[in-house]
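So you can see what is in the structure, the chains are spelled out below.
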Amino acid sequence: MNILFATAEAVPFCKTGGLGDVCGSLPVALVPHGIRPTLVIPGFRQAHKSGQPIEPTGIEFEIPIAGRSVVGLLSKSYLPDSDVPVYLVEQPDYFDRPELYREDGADYNDNCERFVFFNRAVLEVIERVAPDTQIVHAHDWTSGLLPVYLKTLAGRNVDYAQIASLFTIHNLAYQGTFWHWDMELTGLDWKYFNWQQMEFYGQLNFMKSALVFADALSTVSPTYAKEIQHEEHGCGLEGVLQDRSDDLFGVLNGCDYSVWTPETDPHIARPYSSDDFVAGKAECKRALQQELGLPAIPDLPMISIVGRLADQKGFDLIAPLIPQFAERGAVQWAILGTGDPKYHKLLADLAERYPDQLGVRLEFSNPLAHRLEAGGDLFLMPSRYEPCGLNQMYSLRYGTVPIVRATGGLADTITDATDHSLSVGTANGFSFVDYTTDALAGSIERALSLYRSPDAWRRLIRTGMNQDWSWRTSADQYTQVYGETLNRIGMVV
Ligand code: ADP
């Protein structure tokens, strides 16, 4: 099966979150299933600085956008240690910028134009180098117009009616909505700008367009697939998703253990495994305390947090707890993140107030993310919603016990430590349901109490470390979803 991934992010080229991890590792995991993936990504500055070998192809194309003709070039690379080709759409005015989508808390104001160009450039890739594509697998709003183009444009060298589309929702909250006149940029007929297709309350909406036009839909965990069909998590699109519930699949993301495993992690102070994690984690914790300028107290529990500083991630619940725990000297915190300026200020202020309890780094640093995973005792993810979440799976592998809110993929991966789950050996973390500071504090207290029973604590850690959250199972399920996708255009695998 020939699958073309159209995505704005793919590690190791460019990443702002889980989308990059998934699109960089899923394609390689699909190869043993007889799938031939090809990736198309924008030629972002970050990709060119990634150190990956990127070669020009000499292929040039022009795309009409709002009466102008915009020139693009294709360059080529491969996913590391694989034969999976990655085509980069080069258009320096659009993509050679410091960030991918936004700077200083504001979206780039030509995001619609940039990603219309990217979506149309993917069609050029299909026509010029991948005419045997059977499924376009598009991801999130930045690729959301592809299902529309495939259904509405006539191909020059390929018959688009023979190409099915699968659209994966990584985060429904980011929809790509723009004022209605941007419809002109798409080159699509205004007849599609209606409330049943591309319009959402008077605006052009890339995400909704994809949900309507794609042959099949998926999202990144079974629980999130259910949640988004209801008002609380549906972001206004729950009706569209209910209409398409027979075509909507939930497949949990996998973890790339070639990168996220403490046995071989080059970023951490000392490698360790589930057989010798006590000494290894102690050494990693000491190194982390030193790196963050915290007192090296071996027995004080360390809570790590890595992630986008966004309302979604539950920082409004965490903020009041930091002073409470700090006053008691009960824990240390290691926090790494970038995002909303209000959280930058809040965390910077708290770090200044509690220098011995709180180590904060307001930056994007992959090596430091690995060290927080290895050096923490606990990993906090009290998300308001979480489509899948990868950090809790990384934490399990690093023996850093996750405390999560039971939502989306967090609910699908973390089994709360109760008397029963501990006794039967299924517990791998702590979870709570109500989105309140009290509920989160209650889970932290339960965790701290178990932490003081070393045997039970080590058993909990070992259970998590020995679990398999790799792409193996998920790649199998994606292969089935691709089959379902082809069925929907009358093709048989
Ligand atoms: P989301 O996609 O919603 O941001 P996920 O948990 O699915 O959340 O994935 C986040 C990914 O981004 C993880 O690989 C995490 O380690 C990484 N990440 C997030 N913020 C940072 C940061 N400031 N520095 C390094 N890595 C980060």
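Residues numbered from 1 in each chain as written. Predicted model: local features only at pLDDT ≥ 70, side-chain atom pairs only at ≥ 80, totals over all residues. Heavy atoms only, no water.

> How should I be thinking about the sheet that holds strand β18 (residues 378-381) in this particular structure?
Sheet strands associate in pairs through backbone hydrogen bonding, adopting either a parallel or an antiparallel arrangement. Read from one edge to the other, the open sheet built from six strands follows the order β17-β16-β15-β18-β19-β20, with strand pairing classed as parallel. Edge positions in the open sheet fall to β17 (358-361) and β20 (430-432), since each of these has one partner strand only. Sheet twist, expressed as the average angle between the axes of neighbouring strands with direction ignored, equals 15 degrees. By the bridge criterion, eight bridges tie strand β15 (residues 302-309) to strand β16 (residues 332-339) in an arrangement that is parallel. Paired with Ile-303 across the strands is Trp-333, a residue of β16. Sheet contacts for helix α11 (residues 277-291): β15, β16 and β17; angle to β15, the most-contacted strand, approximately 60 degrees. Docked against the sheet, helix α12 (residues 315-328) engages β15, β16, β17, β18 and β20, running at close to 150 degrees with respect to β16. (Pairing = 2+ DSSP bridges. Helix = DSSP H or I, 4+ residues; strand = E, 2+ residues; numbered from the N terminus. Axes fitted to C-alpha atoms, helices over the stretch in contact; angles between N-to-C directions. Contact = heavy atoms within 4.5 Å.)

> In this structure, what is going on with the sheet that holds strand β10 (residues 177-178)? I would like to understand it.
Spatially, the three strands line up as an open sheet ordered β10-β12-β11, and their pairing is antiparallel. Pairing within the sheet leaves two strands with one partner each, and these edge strands are β10 and β11 (199-200). As defined by bridge partners, β10 adjoins strand β12 (residues 203-205) across two bridges and the pair is classed as antiparallel. By the bridge assignment for β12, Phe-178 is matched with Leu-204. In the packing of helix α7 (residues 206-213) onto the sheet, the strands contacted are β10, β11 and β12, and the crossing angle to β12 comes to about 55 degrees.

> Sorry if this is basic, but what is going on with the nonpolar core here?
A general feature of soluble globular proteins is that nonpolar side chains tend to end up buried together. Counting 97 residues, the largest nonpolar core has Phe-117, Leu-211 and Tyr-482 as the members making the most contacts within it. For this core, the element with the most residues is helix α4 (residues 111-129), which contributes 10 residues. Residues contacting Phe-117, with those up to four places away along its chain left out, are Phe-61, Ile-63, Ile-65, Val-70, Val-71, Gly-72, Val-89, Gln-91, Tyr-94 and Phe-95. (Core = buried A, V, L, I, M, F, W, Y, C linked by side-chain atoms within 4.5 Å. Buried < 20%, exposed > 50% of the residue type's maximum accessible area, 1.4 Å probe, protein only.)

> Help me understand the domain arrangement of the chain, please; the structure alone is not making it clear to me.
How big an interface is tends to be expressed through the accessible area that disappears when the partners come together. According to the domain assignment, the chain contains domain 1 (2-254 + 472-487) and domain 2 (277-469). Look at where the C-alpha atoms of domain 1 and domain 2 centre, and you get two points 32 Å apart. Taken together, the contact between domain 1 and domain 2 spans 19 residues of the former and 20 residues of the latter. Between domain 1 and domain 2, a total of about 1500 Å² is buried, with carbon and sulfur atoms accounting for 55% of that surface. A salt bridge links Asp-468 to Arg-472; the shortest N-O distance between them is 2.3 Å. The interface formed by domain 1 and domain 2 includes 10 residue pairs in polar contact (both at pLDDT 80 or more). For the side of domain 1 that touches domain 2, the secondary structure elements donating two or more residues are α1 (18-30) and α8 (222-227). Broken down by element, the residue count for the side of domain 1 that touches domain 2 peaks at four residues, all from α8. Here the residues of the side of domain 1 that touches domain 2 are counted per class, giving six nonpolar, nine polar and four charged. (Domains from an automatic or database assignment. Buried area = accessible area lost by both parts, 1.4 Å probe. Salt bridge = Lys/Arg side-chain N within 4 Å of Asp/Glu carboxyl O. Polar contact = N/O pair within 3.5 Å; in protein donor to acceptor, adjacent residues only side chain to side chain. Nonpolar A, V, L, I, M, F, W, Y, C, P; charged D, E, K, R; others polar.)

> When you look at the site of the ligand in this model, what are you seeing that I'm missing?
In the vicinity of the ligand lie 21 residues, with Gly-18, Asp-21, Arg-308, Lys-313 and Glu-363 positioned nearest. Contact between the ligand and Gly-18: an oxygen atom at 2.6 Å from a main-chain N or O atom of the residue. Note that a nitrogen atom of the ligand is positioned 3.0 Å from one of the backbone N or O atoms of Ser-365. Coverage of the ligand by the protein chains reaches 94% of its 570 Å² of free accessible surface. For the shell around the ligand, the secondary structure elements donating two or more residues are α1, β15, β16, α14 (366-375) and α15 (391-397). Of the residues belonging to the shell around the ligand, the class tally is six nonpolar, nine polar and six charged. (Near = heavy atom within 4 Å. Areas by Shrake-Rupley, 256 points an atom, 1.4 Å probe, with all protein chains shown as cover.)

> In this structure, what is going on with the environment of Ala-164? I would like to understand it.
Its location among the elements puts Ala-164 in strand β9 (residues 164-169). Between the alpha carbons of Ala-164 and Gly-490 there is a distance of 9.5 Å; along the sequence they are 326 residues apart.

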